[in-house]
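One letter stands for each residue in the lines below.
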Amino acid sequence: MPEDDKQIRALITRWAQAVHEGDIQAVLADHAEDLLLYHVTPPHEGIRGLAAYRVLWPPFFAWQALGARFEIDTLDVVAGADVAYAHALLRCGTPEELAERPTLRLRLTFGLRKEHGRWVIAHEHHSFPHD
């Protein structure tokens, strides 16, 4: 596996673990200041900037503290010299939700760029499939 792919895979794995642990500083750590997020919930035009991204997480952490899971199921990475993308499927839900819909996965797409020699997430897209 090429080195850039390994670095990006490690970055996304750290991010997912930080989300699972409710560690906001680690969640924010490898993101660009001008991040754009398209999220499951409104606003549908997206969330722009690291400050707005930070505000998104505390309610999610509170819900997750009730016993929900947030863990990577699959992760694929494609990296160029200074831009990359990755897509992942995650188990995200309470034990009851996951028992009711065991194949349900949160879909994530990441757009990354290399800044000063290190990879940062510049774009995230989170979605659940609609039945």
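Treat the numbers as computed from the prediction; the structure is a model and nothing was measured. (Residues numbered from 1 in each chain as written. Predicted model: local features only at pLDDT ≥ 70, side-chain atom pairs only at ≥ 80, totals over all residues. Heavy atoms only, no water.)

**Comments concerning helix 3 (residues 50-64)**
With 15 residues, helix 3 extends 21 Å between its outermost C-alpha atoms, agreeing within 8% with the 21 Å of an ideal straight helix rising 1.5 Å per residue. Within helix 3, the full set of buried residues consists of Leu50, Tyr53, Leu56, Trp57, Phe60, Phe61 and Gln64. (Helix = DSSP H or I, 4+ residues; strand = E, 2+ residues; numbered from the N terminus. Expected span 1.5 Å × (residues − 1). Buried < 20%, exposed > 50% of the residue type's maximum accessible area, 1.4 Å probe, protein only.)

**Thoughts on the packing of aromatic side chains**
Under the definition given, this model contains eight aromatic pairs. Here the aromatic rings of Tyr53 and Trp57 are separated by 5.8 Å at their centres, their planes lie at 80°, and the arrangement is edge-to-face. Of the two residues, Tyr53 and Trp57 both sit in helix 3, four residues apart, roughly one turn of that helix. When sorted by exposure, Tyr53 lands in the same class as Trp57, which is buried. Members of the aromatic cluster, connected to one another through ring pairs, are Trp15, Tyr53, Trp57, Phe60, Phe61, Trp63, Phe70 and Phe110. (Phe/Tyr/Trp six-rings, centres within 6.5 Å; stacked < 30°, edge-to-face > 60°.)

**Focus: the sheet that holds strand 2 (residues 47-48)**
The pairing of strands in a sheet happens through backbone hydrogen bonds and is either parallel or antiparallel. The strand order across the open sheet built from six strands is 2-1-6-5-4-3, with neighbouring strands paired in mixed fashion. Two strands lie at the open edges of the sheet, namely strand 2 and strand 3 (69-79), each paired on one side alone. With nine bridges connecting them, strand 5 (residues 106-115) and strand 6 (residues 118-127) associate as antiparallel partners. Residue pairing across strands places Glu115 opposite Arg118, the latter belonging to strand 6. Packing against the sheet, helix 1 (residues 3-21) makes contact with strand 1 (31-38), strand 3, strand 4 (83-93), strand 5 and strand 6, and its axis sits at approximately 160° to strand 3. (Pairing = 2+ DSSP bridges. Contact = heavy atoms within 4.5 Å. Axes fitted to C-alpha atoms, helices over the stretch in contact; angles between N-to-C directions.)

**Regarding unusual backbone geometry**
Excluding glycine, most residues fall at negative phi; most peptide bonds, likewise, are trans. The phi angle at His116 is positive, at roughly 55°, despite the residue not being glycine. Topologically, His116 is positioned in the loop between strand 5 and strand 6. Residue classification places His116 among the exposed positions, given a relative accessible area of 86%.

**Things to note about helix 1**
Its 19 residues give helix 1 an end-to-end C-alpha distance of 27 Å, which sits within 8% of 27 Å, the value for a rise of 1.5 Å per residue. Every buried residue belonging to helix 1 is among Asp5, Ile8, Leu11, Ile12, Trp15, Ala16, Ala18 and Val19, and all of these are buried. Projected onto a plane normal to the axis of helix 1, the buried residues spread over an arc of 160° and lie on a single side. Positioned one or two residues after helix 1, Gly22 has a phi angle of 70°, which is positive. (Arc of directions from axis to C-beta.)

So yeah, pure geometry; function would need other evidence.
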